[in-house]
Amino acid sequence: QLETNYLKIDILDAAGELVVEQGRRPPLTVNYISFAGPLDPGRYTIRVSDGDGALLKASEFTAR
């Protein structure tokens, strides 16, 4: 059960520079936020935080 009324994602490149910052109020029927924009190939870190800025999840991925 999601206990926040706001979700924010930050996507950082391998150098730690912010590439994407996106936030929104999650709909009542789902508990996720998505990003569908283009990214250059490379390694990235994604951080998901709540409305107070508390980190909910962090993960690394590779864009091809």
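Here, the structure is the one placed above.
Because the structure is a prediction, the values reported are computed rather than measured. (Residues numbered from 1 in each chain as written. Predicted model: local features only at pLDDT ≥ 70, side-chain atom pairs only at ≥ 80, totals over all residues. Heavy atoms only, no water.)

Peer 1: Let's hear about the packing of aromatic side chains: which residues, and what values?
Peer 2: The full count for this structure, using the stated rule, is one aromatic pair. With a centroid separation of 5.6 Å and 20 degrees between ring planes, the pair formed by tyrosine 44 and phenylalanine 61 is classed as stacked. Residue tyrosine 44 is located in strand S3 (residues 42–50), and its partner phenylalanine 61 is located in strand S4 (residues 55–63); the two are separated by 17 residues in the primary sequence. (Phe/Tyr/Trp six-rings, centres within 6.5 Å; stacked < 30°, edge-to-face > 60°. Helix = DSSP H or I, 4+ residues; strand = E, 2+ residues; numbered from the N terminus.)

Peer 1: Lay out the pairing of S4 with the relevant residues and their values.
Peer 2: Walk down a regular strand and you will see the side chains alternate between the two sheet faces. Relative to S4, S3 runs antiparallel, the two being bridged by eight bridges. Its bridge partner being in S4, glycine 42 is matched across the sheet by alanine 63. Hairpin remark: S3 followed by S4, antiparallel, with four residues in the connecting loop; positive phi at glycine 53, about 90 degrees. (Pairing = 2+ DSSP bridges.)

Peer 1: Got a sec to walk through the environment of leucine 55? Specific residues and values, please.
Peer 2: Along the chain, the position of leucine 55 falls in strand S4. Once the C-alpha coordinates of leucine 55 and lysine 8 are considered, the two residues, 47 residues apart in sequence, prove to be 9.4 Å apart. What leucine 55 contacts, discounting residues up to four positions off in sequence, is Arg47, Val48 and Ser49. (Contact = heavy atoms within 4.5 Å.)

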